[in-house]
Amino acid sequence: MGKFEFRQFSADDSRSAMKIGTDGVLLGAWAPLGAAPRSILDVGAGCGLVSLILAQRTDGPDAPGILGIEIDPGAEADATDNFGLSPWSARLGARLGDFCSDTFAPALPHPMAIVSNPPFFDEPLRSPDGRRALARHGEGLTVETLIRRADTLLTHPDDTLTFIAPAGRDSEIEYLLFRSRFYPRERCTVLPSPGREPVRTLWNAVRHPARCRETILCVRGRDGRLSREYEHLTRPYYLDKTFR
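All of the points below concern the structure found in this document. (Residues numbered from 1 in each chain as written. Predicted model: local features only at pLDDT ≥ 70, side-chain atom pairs only at ≥ 80, totals over all residues. Heavy atoms only, no water.)

A few words now on the overall build of the chain. Tallying secondary structure elements over the chain gives seven helices and 10 strands in all. Burial status across the chain gives 52% buried among its 244 residues. Contacts in the chain between residues far apart in sequence, at least 24 positions, make up 74% of those at least 6 positions apart. With the model as given, the accessible surface of the chain reaches about 11600 Å², and the carbon-plus-sulfur share is 51%. (Helix = DSSP H or I, 4+ residues; strand = E, 2+ residues; numbered from the N terminus. Buried < 20%, exposed > 50% of the residue type's maximum accessible area, 1.4 Å probe, protein only. Contact = heavy atoms within 4.5 Å. Areas by Shrake-Rupley, 256 points an atom, 1.4 Å probe, with all protein chains shown as cover.)

Quick look at the pattern of salt bridges now. Under the defined criterion, the tally for this structure stands at 12 salt bridges. R200 serves as the salt-bridge partner of D23, at 2.9 Å between the closest nitrogen and oxygen. Highlighted residues: D23 in helix α1 (residues 22-30) and R200 in strand β9 (residues 200-206), separated in sequence by 177 residues. A salt bridge links R187 to E174; the shortest N-O distance between them is 3.6 Å. Placement of the pair is R187 in strand β8 (residues 183-191) and E174 in helix α6 (residues 170-179), with a sequence separation of 13 residues. A cluster of three or more residues bridged by salt bridges with shared partners is formed by R15, D78 and D81. (Salt bridge = Lys/Arg side-chain N within 4 Å of Asp/Glu carboxyl O.)

This brings us to unusual backbone geometry. Where the residue is not glycine, phi is negative for most of them; where a peptide bond is considered, it is trans in most cases. For the peptide bond that leads from H110 to P111, omega is 0°, which places it in the cis range. One non-glycine residue, R181, lies in the positive phi region at around 65°. Mapped onto the elements, R181 comes out in the loop between α6 and β8.

Structure (structure tokens):
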């Protein structure tokens, strides 16, 4: 799709199989970071959008290092360039690799936050573009694999796991989290507009029992305009013209 201008950074997704969309902006803007993490791992980083939003959010003297892991060479190249041109280039990095591999073990300090916008499309027809098919259909990285691998990497009591997934899989995901000894701490149900069926769920899970705070976010109001809640969440990143 090309180059997108945000308030404090730009993001070019020209070489990425999956393009910039609302899911990534929502995840980056919403992700609860809890006790300030010393490192953030962005799994399936794409062109680096989520990492860039998190870098803006955590800017300061004790800012964490952020590593984006990506299996698509084109996306990893986009992320590397986008990070290098950002104000936070010194603490942003992109790595080409397979998070699903049992040999993937990044040397990152704890507390660590894993954040991911994993592929979760289930259409029966596969894209003829192999890279896009891999990115869209989760033939490597799936929500189940994300949780299973996060279980082996998040070993500190203050580590967290945050991701976005289809709303229709809530019960299954709850089971997967509990099976891997994760406890939902925050869950946000995303609706296109009031009265419509949910389309996404934002999840934040921790390694100790916690009472789950549940919220609802409508992207648009009944009048079809972006909702006040969505604007409040994303305005620090989107340019003002987005809301006109």
